[in-house]
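Examining the three-dimensional arrangement
For reference, the chains in residue letters:
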Amino acid sequence: MSAVPPLMQPRGSLTGLLLRLVAVFAALALLTILLPALGSACQDWLEARVNGAHLAALALEASGGDMLEPALQEQLLTLAGVELVSLRKPGRRLLPLMREGQDLTIGLTIDLRSLSLPRATVLALRLLASDDTAAVRVIGTGLGDPGTIVDLVMARPPLVAALQSAAIRIFIAGAVI
């Protein structure tokens with residue numbers, strides 16, 4: 001004999017079925033909100049890094065090709081959140097701005113010029129599921145100058161941390177709705 005009265009067992013009842021059905025649809029609705037929003041957050045974060053790296057490389061270009069002081073170079077790269085950046089303009093390539101003594105192993109290359117929202121969503125999920133710590137190479141167009149190609153290398157952990165934070169914010173917003 002069951003310890004719980006039959007009225008407390010909604011499993012076989014219409015109420016229980018309706019409760020399970022609502023829970024499944026709520027979970028599906030949350031996923032349809034969470035996944036594209038996560039892909040969009042990934043694209044936005046990477047584009048912000050490309051724009052910051054572009055500005056850092058413009059400082060090197062403004063110096064007339066002279067090497068910047070190592071402290072200034074380090075500060076520009078830190079503010080941009082990258083390890084290495086170079087610019088390609090039609091007909092020429094700007095020497096890279098990079099940290100001294102860095103041995104970079106690139107594990108993943110992301111081309112923002114051809115990154116659609118579904119591909120960004122899959123990329124975000126892959127990054128969250130992977131425990132790889134190799135650097136990430138990102139290629140994108142320059143800020144306000146579509147003819148300029150910005151090529152940068154950055155550490156993976158800040159990207160994964162930003163995606164985790166975005167996923168939590170999106171999940172909380174979806175749960176509240």
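Here's a quick rundown of the structure. Counting starts from 1 at the beginning of each chain's written sequence and moves along it residue by residue. It should be noted that, the model being predicted, local features are given only for residues of pLDDT at least 70 and side-chain atom pairs only at 80 or more, the latter also being counted only at that level, while totals for whole chains, interfaces and linings use all residues. The side-chain numbers reported here are obtained from all heavy atoms of the structure, hydrogens and water having been left aside.

1. With respect to the overall build of the protein
Segments assigned H or I by DSSP are reported as helices when at least four residues long, segments assigned E as strands when at least two residues long, and all are numbered from the N terminus. Of the regular secondary structure elements, the protein holds four helices and six strands. Of the regular secondary structure in the protein, the N- to C-terminal order runs α-α-β-β-β-β-α-β-β-α. Here the globule rule is a power law, 2.2 Å times the number of residues to the power 0.38, and the radius of gyration is based on C-alpha atoms. A compact globule built from 177 residues would reach a C-alpha radius of gyration of about 16 Å, whereas the protein, at 23 Å, exceeds it by more than 25%. Viewed in the frame of its principal axes, the protein has a C-alpha envelope of about 85 × 30 × 25 Å.

2. Examining the nonpolar core
Side-chain atoms within 4.5 Å are what join buried Ala, Val, Leu, Ile, Met, Phe, Trp, Tyr and Cys residues into a set we call a nonpolar core. Relative accessibility decides the category of a residue: with a 1.4 Å probe and only protein chains considered, values under 20% of the type maximum give buried, values over 50% give exposed, and everything between is partly exposed. With 37 residues, the main nonpolar core has Leu46, Leu152 and Met154 as its most contacted residues. Residue assignment for this core shows that the elements contributing at least two residues are helix H1 (14–62), helix H2 (70–80), strand E1 (84–89), strand E4 (106–111), helix H3 (117–129), strand E5 (135–142), strand E6 (145–154) and helix H4 (156–176). For this core, the element with the highest residue contribution is H1, accounting for ten residues.

3. Describing the pattern of salt bridges
We define a salt bridge as a side-chain nitrogen of Lys or Arg found within 4 Å of a carboxyl oxygen belonging to Asp or Glu. Under the defined criterion, the tally for this structure stands at three salt bridges. Between Arg113 and Asp111 there is a salt bridge, and its shortest N-O distance comes to 2.8 Å.

4. Some thoughts on a nonpolar patch on the surface
Put simply, a patch holds well-exposed residues, over 30% relative accessible area, that have no salt bridge, with like charges counted together within 9 Å and Val, Leu, Ile, Met, Phe, Trp or Tyr side chains within 5 Å. Each accessible area is a Shrake-Rupley estimate made with a 1.4 Å probe; only the visible protein chains count as cover when residues are assessed. Taken together, Leu18, Leu21, Val22, Val24, Phe25, Leu28 and Leu31 make up a surface patch of nonpolar side chains, about 670 Å² in accessible area. Relative to the helices and strands, Leu21 resides in helix H1.

5. A short note on H4
The length a helix should cover is 1.5 Å for every residue beyond the first. For H4, with 21 residues, the first-to-last C-alpha span of 30 Å sits near the 30 Å given by 1.5 Å per residue. Every buried residue of H4 is listed here: Arg156, Leu159, Val160, Leu163, Ala166, Ala167, Ile170 and Gly174. End-on, the buried residues of H4 take up no more than an arc of 125°, which puts them together on one face. Turned more than 90 degrees from where H4 packs its buried face, Ile168, Arg169, Ala175 and Val176 sit exposed. Whether two residues are in contact is decided by their heavy atoms, any of which lying within 4.5 Å being enough. Along its buried surface, H4 packs onto H1, E4, H3, E5 and E6. Directions drawn from the helix axis to the C-beta atoms are what define this arc.

6. Some details on the environment of Ala129
Relative to the helices and strands, Ala129 is located in helix H3. In this structure, the C-alpha to C-alpha distance between Ala129 and Val160, residues 31 residues apart in sequence, is 9.4 Å.

7. Some points on the pairing of E4
In this scheme, strands are said to pair when DSSP sees at least two bridges between them. With five bridges joining them, E4 and E5 adopt parallel strand pairing. Following the sheet pairing, Thr109 is matched in E5 by Arg137. Traced from E4 through H3 to E5, the parallel crossover comes out right-handed. By definition, the crossover connecting two strands over a helix is right-handed if that path, from the first strand to the second, turns clockwise as seen with the strands pointing away from the viewer.

8. Quick look at H3
In this model, H3 (13 residues) spans 18 Å end to end at C-alpha, consistent with the 18 Å of a helix rising 1.5 Å per residue. Restricting attention to buried positions, one finds in H3 the residues Ala120, Thr121, Leu123, Ala124 and Leu127. Around the axis of H3, the buried residues are gathered within 165° of arc, so they sit on the same side. Those residues of H3 that are exposed and angled more than 90 degrees off the buried face are Pro118 and Ala129.

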